[in-house]
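# Working through the structure, step by step
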Amino acid sequence: MSKLLFENFTKYALFRAAFWGAMGVILFALPDFLLDGMFYAIVGYMLVDGIWRIVDFVRESSAKNYDYEKKAVLPLRYFSLVVAVLLIVVVIHSIIFRHLLIEVTPIYLGGLLLLEGILYFVIALCANTCMQRGLLVALSGIAFLGGAAVLVFTFGFGIGGIPGLTKVSGAALLLACLYELAAYLVYRKNVGNRVNEEDIQ
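For the structure given in this document, a descriptive report is provided here. Note that this is a predicted model, so its numbers are computed, not measured.

### Focus: the overall build of the protein chain
- On a plain count of helices and strands, the protein chain comes out with 9 helices and 0 strands.
- Secondary structure elements in the protein chain, listed N-terminal to C-terminal, are α-α-α-α-α-α-α-α-α.
- Per-residue burial over the protein chain gives 38% buried out of 201 residues.
- A total accessible area of about 11,300 Å² is found for the protein chain, and carbon and sulfur atoms account for 73% of it.

This is the structure we're talking about:
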């Protein structure tokens, strides 16, 4: 089950890495983006994530054949569907109350990165080897701390005002990008090792 969970996560890891990386670079280049377009970028990310989860659930549910491992991961698929529905609900409320919520975009961003950090930790535990788990656990911890730093700076405990908050937010996004890339590379390495073992047999 852990292998399937890891594979399911890394399926869209490159897309998420591209999103986090692009947002991080944009924040460093255009600091005003944090309180302008970032809110809509986050809402768009949650919408796409929710739609992808629903599409995956429908596609896998309509498949005619299931092997034992896919049946074993069935509870995780339903959990993913619940997450997708919650994401869609949050998106709808965010759009309705955007005039109020756009002012607290950094809180949105920090909270999202904290949740991603927790997810990253769970995924890290599903890696094949101790070295892979150690690397991904460390990166998940760093990503979590990045989200926490965004919240700390948002509530005024940091230094540098809005420019400082923008830099911290950009760095936190790049750290999330780094984890996604690392997880994808670990997955590709495991797939390569598996293919080599099958060739030898």
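Here the narrative resumes.
### Some words on the packing of aromatic side chains
- Overall, the coordinates contain 11 aromatic pairs when judged by the stated rule.
- An angle of 10° between the planes, with centres 4.5 Å apart, marks the rings of Tyr12 and Trp52 as stacked. With Tyr12 in the loop between helix H1 (2-10) and helix H2 (13-29) and Trp52 in helix H3 (residues 38-62), the pair connects residues that are 40 residues apart, well separated along the chain.
- Note on Tyr12: relative accessible area 17%, which makes it buried.
- Judged by relative accessible area, Trp52 falls into the partly exposed class, the value being 29%.
- Taken together, the ring pairs in this structure connect Phe9, Tyr120 and Tyr179 into an aromatic cluster.
- Here the basic side chain of Arg16 rests over the ring of Phe9, its NZ or CZ set 4.2 Å away from the ring centre.

### With respect to the environment of Ala124
- Tracing the chain through its elements places Ala124 in helix H7 (residues 105-124).
- Since its relative accessible area comes to 0%, Ala124 is described here as buried.
- For the pair Ala124 and Ser140, spaced 16 residues apart in sequence, the C-alpha separation works out to 7.6 Å.
- In this structure, Ala124 is in contact with Arg133, Leu136, Val137 and Tyr179, ignoring residues within four places of it in sequence.

### What about the environment of Arg133?
- As for its position among the elements, Arg133 is in helix H8 (residues 130-154).
- Linking Arg133 and Phe121, residues 12 residues apart in sequence, is a C-alpha distance of 9.1 Å.
- Setting aside anything within four residues of it in sequence, one finds Arg133 in contact with Ala124, Leu125, Ala127 and Asn128.
- Polar side-chain contacts of Arg133 include one of 2.9 Å to the backbone oxygen of Ala127.

### A few points about the nonpolar core
- Core analysis: the biggest nonpolar cluster contains 44 residues, and Trp20, Met38 and Tyr179 have the highest contact counts within it.
- Within the residue set of this core, elements represented by two or more residues are H1, H2, H3, helix H5 (74-96), H7, H8 and helix H9 (161-200).
- Tallying contributions element by element places H9 first for this core, with 12 residues.
- Setting aside its immediate chain neighbours within four residues, Met38 contacts Met23, Leu27, Phe33, Thr105 and Leu173.

### Quick look at the pattern of salt bridges
- Counted under the stated rule, the structure contains 4 salt bridges.
- Between Arg16 and Glu180 there is a salt bridge whose closest N-O contact spans 2.9 Å. Pair noted here: Arg16 is in helix H2 and Glu180 is in helix H9, with a separation of 164 residues, a long-range link.
- Ionic pairing is found between Asp49 and Arg53, a salt bridge with its closest N-O pair at 3.3 Å. Within this pair, Asp49 and its partner Arg53 are both found in helix H3, separated by 4 residues, close to a single helical turn.

### Focus on the environment of Gly24
- Tracing the chain through its elements places Gly24 in helix H2.
- Judged by its relative accessible area of 0%, Gly24 is buried.
- Residues within four places of Gly24 in sequence aside, it is in contact with Gly170, Leu173 and Leu174.

### Considerations on a nonpolar patch on the surface
- A contiguous nonpolar surface patch, about 650 Å² in accessible area, is contributed by Leu115, Ile118, Phe121, Val122, Leu125, Phe144 and Leu145.
- The biggest single contributor to the nonpolar patch is H7, with 4 residues.
- By the secondary structure assignment, Val122 is in helix H7.
- The partly exposed category is assigned to Val122, whose relative accessible area is 38%.

Criteria and cut-off values
- Residues numbered from 1 in each chain as written.
- Predicted model: local features only at pLDDT ≥ 70, side-chain atom pairs only at ≥ 80, totals over all residues.
- Heavy atoms only, no water.
- Helix = DSSP H or I, 4+ residues; strand = E, 2+ residues; numbered from the N terminus.
- Buried < 20%, exposed > 50% of the residue type's maximum accessible area, 1.4 Å probe, protein only.
- Areas by Shrake-Rupley, 256 points an atom, 1.4 Å probe, with all protein chains shown as cover.
- Phe/Tyr/Trp six-rings, centres within 6.5 Å; stacked < 30°, edge-to-face > 60°.
- Lys NZ or Arg CZ within 6 Å of the ring centre and 35° of its normal.
- Contact = heavy atoms within 4.5 Å.
- Polar contact = N/O pair within 3.5 Å; in protein donor to acceptor, adjacent residues only side chain to side chain.
- Core = buried A, V, L, I, M, F, W, Y, C linked by side-chain atoms within 4.5 Å.
- Salt bridge = Lys/Arg side-chain N within 4 Å of Asp/Glu carboxyl O.
- Patch = residues over 30% accessible without salt bridge, like charges linked within 9 Å, V, L, I, M, F, W, Y side chains within 5 Å.

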